[in-house]
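A structural walkthrough
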Amino acid sequence: AAANTAGTLALVSTAAQFQTAYNNAATTYIQLVPNTTLTLAAALNSRTSNLIIDGNGGVINLGNYNLPLGATVGHTPQTFSVNNVTLNTTQTGSDDGQGNNSSGINANAYGGSGDWNINVKDTTAGSTGIGLVIAASYSQITLSGKDTFSADTHMVATGTFYVANGATVNYTENGTWSPIY
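First, a word on scope: everything that follows refers to the structure included in this document. Quantities reported herein were computed from a predicted structural model and do not represent experimental measurements. (Residues numbered from 1 in each chain as written. Predicted model: local features only at pLDDT ≥ 70, side-chain atom pairs only at ≥ 80, totals over all residues. Heavy atoms only, no water.)

Observations concerning the pairing of strand E9 (residues 132-144)
Counting buried positions over the 13 residues of E9 gives eleven, a clear majority of the element. Here strand E7 (residues 103-106) pairs with E9 via three bridges, running parallel. The residue of E9 that forms the bridge with Ile105 is Ile134. Sheet analysis places strand E8 (residues 116-126) next to E9, joined by five bridges and oriented parallel. Along E9, the bridge assignment pairs Asn117 with Gln140. (Buried < 20%, exposed > 50% of the residue type's maximum accessible area, 1.4 Å probe, protein only. Helix = DSSP H or I, 4+ residues; strand = E, 2+ residues; numbered from the N terminus. Pairing = 2+ DSSP bridges.)

Right, dumping it as structure tokens:
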């Protein structure tokens, strides 16, 4: 409600609308129209400010891209939240073990390591070809609700990792790596 009142809410139903909203630093809340399926056709700009993505039960097909999180102003921690969404990838190429080449949510490759508090709730993420679900070394990651992840290497690369009381986390690894790096 606050985002809507402040004019920083973006209600989206297409990949182009999602990309415009994600790339706009003034947007603080992206809400997918219920049960929307989006397929990205281009890379997104790195976020450097707070953002909530409410998937509303929808699907974001990232293709060979990710949700990039960059260095924040003065490295002041920002919050990035994804809720009630499925994030699919079809990324190709080898991963360096830190998610710099393939991950769903990626702060490592964009200078954002340590700058983010990442919250994931009621989300499904991953696919074959994904090195990590979340690459955010030195950042904080909190999982809540019911989350289901799959990856070829690690579930997450992080500094601090929390699982909220009552949360259910299902993880399928397609290799022989540890879930948390």
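Some details on the nonpolar core
If you look at the biggest cluster of nonpolar residues, it comprises 35 residues, and the most contacted ones within it are Phe18, Tyr22, Ile53, Leu67, Phe80 and Ile118. Among the elements that make up this core, the one with the highest residue count is E9 (five residues). With residues up to four places along the chain from it excluded, the contact list for Ile118 reads Leu69, Phe80, Ile105, Ile134, Ala136, Gln140, Ile141 and Thr142. (Core = buried A, V, L, I, M, F, W, Y, C linked by side-chain atoms within 4.5 Å. Contact = heavy atoms within 4.5 Å.)

As far as function goes, none of this settles anything; it's purely spatial.
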